[in-house]
Amino acid sequence: MQILLRDFRYALRQLRRSPAFTLTVVLTLALGMGVNTSIFTVFNQVLLRTMPVRAPSELVLLQEQSRFETGTLNTNGGDPEMYFAYPAFQTLRDGNSVLEGLSASAVMAANLVTAKDADKVKMQLVSGNYFALLGVRPVLGRLLIPADDVYHEGRPVAVLSENYWRAHFGGDPSILNQAIQINGAGFTIVGIVRHDGLMDDSPSAIFLPVAMEGAVTPGKGDVLSDGLNRWLNLIGRVSPGVTRAQAEAQLNTLWWNWRRDVLKIREHNIPDRKSWMETHLSVSEGGRGMPLLEGSLGQPIKVLETMALVVLLIACGNVTNLLLAKAVRKHSELAVRGALGASRRQIFQQVLAEGLLLGLMGAASGLLLGWVSLRLLLRMVPGTNTLREVLAAPMNWPVIAMCTALGVLTSLIFSVAPAVLSTRTDLLDGLRSESRTIIGGSGRLRNVLVAGEIALSLVLLTSATVFSWSLYQLRNTKLGYATDQMLTFRVDASPGKSGAQVRNEYASIVESIRRQPAVYSVAYAAEGLIDGDEMGDSITLAGYGGREDDPNPDQNWVTSGFFSTIKVPLLAGREFSEQDSATSQKVAIVDEAFVQHYYGGDVEKALHGVFVFGGRSRGKPEIQIVGVIPTIRATSVTSAPGVPFLYLPYEQSYSPDDSDRRNHPASFYISTNNDPVQLVSAIRSLVRGIDRNLPITGLGTMEENIHGTIFEKQMVSTLSIVMGGLALVLAAIGL
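Note that residues are indexed from 1 along each chain, following the sequence as it is written. Owing to the predicted nature of the model, reporting of local features is limited to residues with pLDDT of at least 70; listing and counting of side-chain atom pairs is limited to 80 or more, with chain, interface and lining totals taken over all residues. The side-chain quantities take in all heavy atoms of the structure and omit both hydrogens and water.

Attention now goes to helix α21 (residues 702-709). Only protein chains enter the area calculation, which uses a 1.4 Å probe; residues under 20% of their type maximum are buried, those over 50% are exposed, and those in between are partly exposed. Secondary structure elements are defined from DSSP: runs of H or I of at least 4 residues count as helices, runs of E of at least 2 residues count as strands, and each element is numbered from the N terminus. Of the residues making up α21, those classed as buried are Met702, Ile706 and Gly708. Projected onto a plane normal to the axis of α21, the buried residues spread over an arc of 160° and lie on a single side. Note that the arc is defined by the directions from the helix axis to the C-beta atoms.

On to a nonpolar patch on the surface. Nonpolar side chains collect at one region of the surface, where Leu368, Trp371, Val372 and Leu376 lie side by side and expose about 390 Å² of accessible area between them. Take Val372: it is sitting in helix α11 (residues 344-380). A residue is classified by how much of its surface remains accessible, and Val372, at 33% relative accessible area, is partly exposed. A patch is a set of surface residues, each over 30% in relative accessible area and not in a salt bridge, joined within 9 Å for like charges and within 5 Å for the nonpolar side chains Val, Leu, Ile, Met, Phe, Trp and Tyr. With residues, only the protein chains shown are counted as cover, and all accessible areas are computed by Shrake-Rupley using a 1.4 Å probe. Whenever Lys or Arg places a side-chain nitrogen within 4 Å of a carboxyl oxygen from Asp or Glu, that contact is recorded as a salt bridge.

Moving on, we get to the packing of helix α16 (residues 499-514) against helix α20 (residues 680-690). Axis separation between α16 and α20 bottoms out at 10 Å; the angle between their running directions is 145°. Note that α16 runs across α20; the crossing there is right-handed. Contacts between α16 and α20 involve Glu505, Ser508, Ile509, Ser512 and Ile513 from the first element and Ile683, Leu686, Val687 and Ile690 from the second. Polar here means any residue other than Ala, Val, Leu, Ile, Met, Phe, Trp, Tyr, Cys and Pro, which are nonpolar, and Asp, Glu, Lys and Arg, which are charged; Gly is therefore polar. Partitioning the contact of α16 with α20 into residue classes produces six nonpolar, two polar and one charged. All axes are obtained by fitting lines to C-alpha atoms, using only the stretch in contact for helices, and the reported angles, taken between N-to-C directions, cover 0 to 180 degrees. Each crossing is labelled by how the near helix is turned from the far one, with a counterclockwise turn of less than a right angle marking it left-handed and a clockwise turn marking it right-handed. We call two residues contacting when some pair of their heavy atoms lies within 4.5 Å.

With that settled, consider the nonpolar core. Buried Ala, Val, Leu, Ile, Met, Phe, Trp, Tyr and Cys residues form a nonpolar core when they are joined through side-chain atoms within 4.5 Å. Ile182 and Ile206 are the most contacted members of the largest nonpolar core, which has 57 residues in total. Setting aside its immediate chain neighbours within four residues, Ile182 contacts Ala110, Asn111, Leu112, Met123, Ala158, Phe187, Ile206, Leu208 and Val216. Listed in part, the 46 residues of the second largest apolar core include Phe489, Tyr599, Ala606 and Tyr650.

Let us look at helix α7 (residues 244-265). Expected span of a helix, by definition, is 1.5 Å for each gap between consecutive residues, and there is one gap fewer than residues. Over its 22 residues, α7 extends 31 Å from the first C-alpha to the last, a length consistent with the 32 Å expected when each residue adds 1.5 Å. Every buried residue of α7 is listed here: Ala247, Leu251, Asn252, Leu254, Trp255, Trp258, Arg259, Val262 and Leu263.

It is worth spelling out the pairing of strand β8 (residues 185-193) at this point. Counted residue by residue, β8 has seven buried out of nine residues, so it is predominantly covered. Bridging between strand β5 (residues 138-141) and β8 involves three bridges; their strand directions are antiparallel. What sits directly across from Leu140, in β8, is Ile192. Two strands pair under a simple rule: DSSP has to find at least two bridges between them. Summarising the sheet, strand β6 (residues 157-161) and β8 pair through five bridges and their orientation is parallel. Within the sheet, the bridge partner assigned to Leu160 lies in β8 and is Ile192. Pairing analysis gives four bridges linking strand β7 (residues 179-182) to β8, with the strands arranged antiparallel. Bridge pairing in β8 links Ala179 to Thr188. Turn length for the β7-β8 hairpin, with the two strands adjacent in sequence and antiparallel, is two residues, and the turn residue Asn183 shows positive phi of about 50°.

Attention now goes to the packing of aromatic side chains. The pairing test for Phe, Tyr and Trp rings, Trp by its six-membered ring, is centres within 6.5 Å, and the orientation test on the planes gives stacked under 30 degrees, edge-to-face over 60, and tilted for anything in between. Throughout the structure, instances matching the rule amount to 25 aromatic pairs. Between Phe489 and Phe668 the ring centres are 4.9 Å apart and the planes differ by 5°, which places this aromatic pair in the stacked class. Linking Phe489 in strand β13 (residues 486-492) with Phe668 in strand β23 (residues 665-672), this pair joins segments that are 179 residues apart in sequence. By the burial criterion, Phe489 is buried, and Phe668 matches it. Aromatic side chains Tyr506 and Tyr650 sit 6.4 Å apart centroid to centroid with 75° between the ring planes, which places their arrangement in the edge-to-face category. Residue Tyr506 is located in helix α16, and its partner Tyr650 is located in the loop between β22 (645-649) and β23; the two are separated by 144 residues in the primary sequence. Assigned by exposure class, Tyr506 and Tyr650 land together as buried. One aromatic cluster is present, built from ring pairs that chain together Phe489, Tyr506, Tyr524, Tyr650, Tyr654 and Phe668. Cation over ring: Arg259 sits above Trp276, and NZ or CZ is 3.6 Å from the ring centre. Whether a charge lies above a ring is judged from NZ of Lys or CZ of Arg, which has to be within 6 Å of the ring centre and within 35 degrees of the ring normal. Sitting above the plane of the Tyr654 ring, Arg503 keeps its charged end 4.5 Å from the centroid.

See the structure below:
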């Protein structure tokens, strides 16, 4: 140890004697290490991070693969095959002996009203054993228990996440036992938990019992009893001594038997009975929860991390060149030390110690540079983009350990060659004059390193070009509707109100907006454009026999004037009007993809089409197709345009007597004659004036919303360009 400390002290003195050289090497390494630190922080969050729960490796997620599905599907991200009906959850939970426990979860948006303010949050409905299964403890108060989640007899209690509690209530412990409203229903806060939910793309703010689903989503009927309504994610913990294969085998038996029982009871709702029974239940790793970000960011982040390592390799090549040049200049000094009795091993250790010290200094500087880079990136992320949660994550110990390990590894990489070269110094030649062996050997190696750096930088520039071209194509994707001079925001006035009250409130908002100067038109829809949410159900068309590959068409409820507001032309038929009410003939407008799939592209035939939602048992087809529009990218910029889409009058989402209490969210679209940004503050004020407890989300221009949805790809493209340019600069310095 004393010898090692002596070598480090000597190396530090040497570095102080040449500050310009030291600064150049440390900055070069800091650039390479900083890029790796910032990218690996995101890499760790997206691809490696496990939930902070007890023994995450024991957790499993259930996923079903069935040849045929029918009924209703309500997802909040992820694979549709990971969503189950509540009766299926009960059967799998109660009938198995291979899991310590099985828990259900459903994430959805909610209006949270407290004594302080109103907010739009992510709400997670969980079964009573959820927190016990994960092994998390309360920060304050208590967590949900099975007694809170009795079937059809749930308790109105709620648990806040610690992050939301600290961000919105300042960590005030008096929040316990306070009354709140969630979607208009009264609840009491009973605890705080250090847990953000199963989905990594957006943290859950509040947790409620699954049995309270009817209270927070009124108007949907008895969802808990509906075996054809898939809306729950299932996560379990494998019992000790049980393998995943064994667990999967038993769960599959329960699953198949349950499907058979549903077929007997709901045979009239399941047209393809044979395909319904062609099913399999999979058990997959669940320690990371539902890693939704991996689907959108996983592959690009892997590519970026590879590029970052290449940048670091180029930086190592540069430092190696600098150390080789220094070794050539110091060969006389090394020869003197050898003549005074220093062994080749001691010289090797001293040169290696100098490199290790430089590597650690570069790693420390890289950590700082990486942290600063992440903070700058965070400031660029739109407020509506889920990437904010990833970039806001602190640099944890895995990131610090990785950076330190890279510092040691890179120091070995760039120090070995100069150290070996230093031990080859001939004492007499070194004392007399220049050593041709040293100069010649180092020169050839330096030329190889420079050539390698240039080649690697060209590879990175090529990759950056590919990413840039993809981003260019994405930005120039034809959405099929207007985005310029368009303002949008989203509200949901339905919690705690009847259909008539919701209709009147939205009508007041529309009239107030129309009175604003420079407003050309205003309309709204149940689901927002490009917000990623999908809503659909199976349909039965009159005169259509059905095919095995029939999809569930996506759907949306829109007001009259919606298509003219977003400037989508009608290809045939008519647009919705004020006469399309809850008591009038039910009508629909379909897109070209719908016409192509169900009518072979015959628009005139489609205009005479009639359909009903669900199977033939739902009754006689009664919804008349009255119009056809072009296929647009309604759910996301990257969505496939070939999925059939149908639109229904928003007025017909209400019950005829206006007594329903179903959710009626509304995404407003305001077409203006000038810059829509000028209307933002006025819109917020007028909505607050109509209903102070109505949360407003996504208020901004359509361009801002689109930018928010593609920011991940823009960030990947920008970072790839930065790394390509950085690699080229480092290679040029190495010349």
